[in-house]
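# A look at the structure
What follows is the residue order along each chain.
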Amino acid sequence: DSTHFGFKQVPTDEKAGLVRGVFDSVAENYDVMNDLMSAGVHRLWKTAMIDWLMPRAGHHLLDVAGGTGDIAFRFLDKVKGDGTVTVLDINHAMLSVGQDRAIDQGRLSGLDWVNGDAQSLPLPDKSVDAYTIAFGIRNVTDIPLALREAKRVLKPGGRFLCLEFSTVEAAILKDVYDFYSFKLLPEIGRLVAKDKESYEYLVESIRKFPDADRFAEMIVEAGFHQVKYRRLSGGIAALHSGWRL
Ligand code: SAM
């Protein structure tokens, strides 16, 4: 187990460049904004993700779009430090914040920070026990390609889990949620992070993302088995699971 503090830079497509810019500008405020915008609920969703993953001691997790390390840290806590996480993200600034948090929390082993793209993972075939991606896949230009890459790097018997914003179904919740995301959220972004555009991008990317059934089909199309999902908080988010056989 080791912690690497070097980054490897990879070439990316145009949307990836744009997304990188958005996260460059939000990295510093990212964790505070997450708590503020979701009233802390993102923490419950992330815990639900790790609970459903049921990681085992000695497992190697690849956490794609791992950002500031939330999923990686929960995984290491769950396996009591007996495991390895490769935290992969396209954005250098997000990874730097994550590394600082790791040091502050005294996490000195089991973490490998890699600057890379979900669409061309710098990992060998069949090399990881689990693949997670939390609030990352909707930012990816070619989602089917990212899903195929996930399958490629997973060992047979390996687990894929994706946490992402989804579609709110109940009419009353939908009205509240629409008001919140179209009106309030960009204002919070403007006032607190001084960056309205990035938060408008965030809302737009959530709206464009496929609903839970369609996304489950895409996971099947990428070659995963036993694909299932759970809605969280009335469908504001969803957790999708699949297995590589
Ligand atoms: N997983 C973290 C969490 O849940 O707090 C961070 C989520 S953040 C909303 C989205 C992350 O996806 C950003 O750190 C961004 O840099 C990363 N990202 C966007 N496109 C990516 C890509 N093509 N490959 C890898 N990471 C990407």
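Up top is the structure these notes are about.
This section reports on the structure supplied with the text. Quick caveat: nothing in here was measured; it's all calculated off a predicted structure.

### Describing the nonpolar core
Counting 57 residues, the largest nonpolar core has Met 49, Ala 72, Val 87, Tyr 131 and Leu 163 as its most contacted members. Considering every element that reaches this core, the biggest residue donor is strand E5 (residues 154–165), with six residues. Setting aside chain neighbours within four positions, we find Ala 72 in contact with Asp 63, Gly 66, Val 85, Val 87 and Leu 111.

### Looking at the site of the ligand
Taken together, 21 residues lie near the ligand, and Ala 65, Gly 67, Asn 91, Ala 118 and Ala 134 sit nearest. Residue assignment for the shell around the ligand shows that the elements contributing at least two residues are helix H1 (14–26) and helix H4 (70–78). In terms of residue count, the dominant contributor to the shell around the ligand is H1 (three residues).

### Quick notes on the packing of helix H6 (residues 143–153) against helix H9 (residues 212–221)
Following both chains from N to C, one finds H6 and H9 inclined at 50°, their axes separated by 9 Å at the closest point. Classed by the angle they form, the pair H6 and H9 counts as oblique. Considering how the two elements wind past one another, H6 and H9 form a crossing that is right-handed. In this structure, H6 uses Ile 143, Pro 144 and Leu 147 to contact H9, whose residues at the interface are Met 218, Ile 219 and Glu 221. Each residue belonging to the contact of H6 with H9 can be placed in one class, and the counts come to five nonpolar, no polar and one charged.

### What about H9?
Looking at H9, one finds that the buried residues are Ala 212, Phe 215 and Ile 219. What you see down the axis of H9 is that its buried residues fit within an arc of 65°, all on one side. Of the residues in H9, the exposed ones pointing more than 90 degrees away from the buried face are Asp 213, Arg 214, Glu 217 and Glu 221. On the buried face of H9, the contacting elements are H6, strand E6 (225–232) and strand E7 (237–243). Residue Gly 223 follows H9 closely and has a positive phi angle near 105°.

Parameters and conventions
Residues numbered from 1 in each chain as written. Predicted model: local features only at pLDDT ≥ 70, side-chain atom pairs only at ≥ 80, totals over all residues. Core = buried A, V, L, I, M, F, W, Y, C linked by C-beta atoms within 7 Å. Buried ≥ 20, exposed ≤ 12 C-beta atoms within 10 Å, placed from the backbone. Helix = DSSP H or I, 4+ residues; strand = E, 2+ residues; numbered from the N terminus. Contact = placed C-beta atoms within 7 Å. Near = placed C-beta within 6 Å. Axes fitted to C-alpha atoms, helices over the stretch in contact; angles between N-to-C directions. Parallel < 35°, antiparallel > 145°, perpendicular 65-115°, else oblique. Left-handed = near helix turned anticlockwise from the far one by under 90°. Nonpolar A, V, L, I, M, F, W, Y, C, P; charged D, E, K, R; others polar. Arc of directions from axis to C-beta.

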